[in-house]
Amino acid sequence: MIPVQDLFEEARLLDSQDPLAAFRQDFFLPDSSVIYLDGNSLGRLPEKTRQRIAEEIDFRWGNRLIRSWNEQWYHLSAETGDLIAQVVGADRETVIVCDSTSVNLYKLVMAAIKARPGRFTILSDDLNFPSDLYVIQGIIQQLGAGYRLELIHSADGVSVQPEDIGKHLSKDVALVVLSHVAFRSAWMYPMKEVTDLVHHAGALMLWDLSHSAGAVPVGLSESGADLAVGCSYKYLNGGPGAPAWLYIRKDLQEILQSPVQGWFGAADPFEFGLNYQPATGIRRFLAGTPPVLSLAPISIGVDMILRAGMGNIREKSIRQSNWFISKVREHLVPAGFSVESPLNPANRGSHVSLGHEHAREICHQLIQGIPAIIPDFRKPSVIRFGITPLYTSFSDLAHAVIALEKLASASSFTGVPTGDVT
Ligand SMILES: *Cc1c(COP(=O)(O)O)cnc(C)c1O
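Residues numbered from 1 in each chain as written. Predicted model: local features only at pLDDT ≥ 70, side-chain atom pairs only at ≥ 80, totals over all residues. Heavy atoms only, no water.

Caption draft 1: Representation of empty space enclosed by the protein in the model. In total, this model carries one cavity of 30 Å³ or more according to the counting rule given. Of the voids in this model, the largest cavity is the one considered here, and its volume is about 60 Å³. Taken together, G214, Y235, N237, I305, I313, T388, P389, L390 and Y391 make up the full set of residues lining the largest cavity. Here the lining of the largest cavity is composed, by residue class, of six nonpolar, three polar and no charged. (1 Å grid on protein atoms, 1.4 Å probe; cavity = no way out; pocket = protein on both sides within 12 Å on 5 of 7 lines; lining within 4 Å. Points joined across faces, edges and corners; volume = space filled by probe spheres on them. Nonpolar A, V, L, I, M, F, W, Y, C, P; charged D, E, K, R; others polar.)

Caption draft 2: Inspection of the packing of helix 2 (residues 47-63) against helix 10 (residues 298-308) at higher detail. Two elements in contact, helix 2 and helix 10, have axes separated by 9 Å at closest approach and are oriented at 145°. Classified by chirality, the crossing of helix 10 by helix 2 is right-handed. Residues K48, T49 and R52 of helix 2 form the contact with helix 10, whose own contacting residues are S299, I300 and R307. Grouping the constituent residues of the contact of helix 2 with helix 10 by class yields one nonpolar, two polar and three charged. (Axes fitted to C-alpha atoms, helices over the stretch in contact; angles between N-to-C directions. Helix = DSSP H or I, 4+ residues; strand = E, 2+ residues; numbered from the N terminus. Left-handed = near helix turned anticlockwise from the far one by under 90°. Contact = heavy atoms within 4.5 Å.)

Caption draft 3: Fine view of the pairing of strand 13 (residues 382-386). For strand 13, a buried count of five out of five residues is recorded, marking the element as mostly surrounded by other parts of the structure. Of the strand pairs in this sheet, strand 10 (residues 351-355) and strand 13 are connected by five bridges, and their pairing is antiparallel. Opposite L354, over in strand 13, you have I383 as the bridge partner. Note: strand 12 (residues 376-378) against strand 13, three bridges, orientation antiparallel. (Buried < 20%, exposed > 50% of the residue type's maximum accessible area, 1.4 Å probe, protein only. Pairing = 2+ DSSP bridges.)

Caption draft 4: Up close: helix 5 (residues 130-143). Here helix 5 spans 20 Å end to end across 14 residues, near enough to the 20 Å set by a 1.5 Å rise per residue. Where helix 5 is concerned, the buried positions are S131, D132, L133, V135, I136, I139 and I140. Packing partners of the buried residues in helix 5 comprise helix 4 (101-114), strand 3 (121-125), strand 4 (148-152), strand 5 (173-179) and strand 6 (204-208). Once helix 5 finishes, G144 follows within two positions and takes phi at roughly 75°, a positive value. (Expected span 1.5 Å × (residues − 1).)

Caption draft 5: Here's a closer look at the sheet that holds strand 5. Strand order in the open sheet made by the seven strands is 2-8-7-6-5-3-4, with mixed pairing throughout. Unpaired on one side and paired on the other, strand 2 (95-97) and strand 4 mark the two borders of the sheet. Recorded for the sheet is a direction-independent mean angle of 20° between the axes of neighbouring strands. Pairing analysis gives three bridges linking strand 2 to strand 8 (residues 245-248), with the strands arranged antiparallel. When the sheet's bridge partners are listed, V95 is paired in strand 8 with Y247.

Caption draft 6: Quick peek at the pattern of salt bridges. Summed over the entire model, instances satisfying the criterion amount to 19 salt bridges. For R92, the salt bridge is made with D82, and the minimal N-O distance between the two is 3.5 Å. Within this pair, whereas R92 is found in the loop between helix 3 (67-87) and strand 2, its partner D82 is found in helix 3, the two being separated by 10 residues in sequence. Look at R92 and you get exposed, because its relative accessible area is 59%. When its relative accessible area of 14% is taken as the criterion, D82 is described as buried. When the shortest N-O distance is used, the salt bridge between E93 and K250 registers 3.2 Å. Highlighted residues: E93 in the loop between helix 3 and strand 2 and K250 in the loop between strand 8 and helix 9 (292-295), separated in sequence by 157 residues. For E93, a relative accessible area of 43% gives the class partly exposed. Residue K250 is classed as partly exposed on the basis of its relative accessible area, which comes to 42%. Each of D226, R249 and D251 takes part in one network of salt bridges that share partners. (Salt bridge = Lys/Arg side-chain N within 4 Å of Asp/Glu carboxyl O.)

In structure tokens:
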């Protein structure tokens, strides 16, 4: 059995020494008994976001009406993009906020393929987020004859080594699309090393940073990567359905063309000319009117990250993940759990995945328990624990370890009602 009191005492001491502890109070915490370990899927609600949305509705929409487009709304996509750029180490005017990650991926993959005529292969891996693969499969169908998606297979289900990518690169590869941090295992690629390999083969590199932005420091400009996409509702705490973002390296912006030529990406949307002329710069990858009420509060979550500092966030994330993994190995591996994330923090994002034969039911019971502990389950047998240093405490993690041990040792599993979507 776990020495419960000792574990809580150790956690409380670590919490008392945590330089980021105060940020937790900046989030809306209506039910302090809920232990939330799913910020890698949907980030918590910042307190100021509630005020900001009320202001958008009452003042900007209600009071200022259409004048708000000039006063603020028209500039939000680019301004918020510049803030996110600071989180992912990108230059100014290389990031813009719009659409969903899937739609942004579509736009960038189509543009990239057109920029590499005579090359017919898009390379990705089987750790990638399914939506990314679906989008690419659709593009392959649309492009027709000769185009193909090639998937690199992960031998251990956790990681893919850069050498494996090297083996698949050829003169036929136009574009490589990878998640920098894999959604299931948290495996993190060495971004610059992989980007260099891909460029050496003459292909373009597109990173999906959905599980990286706000989770790990990213040196996007420094890596030389061509393209990137990411979402705003995970570690950036932008809220459900907050629009996503896309990155295009400065020197490519005038070469690439969006396949969705809407008026927001036109040189002068309010000219109302009959023929499309693309805007200069990153704006040309906008399509239509952005979802303003979801876009406006993204800057609140991003600002908190910039104030805390990505370096400090990463430092705490590694400290918490290592502590959690060490307790898992001590107390939970003997109870049938396995660690399904890389043990070396240099290759791991900011969540920890645990495997168990009855993972689905254990996850369900954690959420139903008192206190409710909320991670998420991913097929076939993994529970993901999101470490979000702005509001995750060591005590939260101690609760999780204790509850997991109790559930696994109860050892009567009767099945879970199906139908939940997460
Ligand atoms: C969360 C996530 C997405 C989300 O895509 P949407 O189209 O914004 O819903 C895409 N890719 C990855 C890698 C993700 O983790």
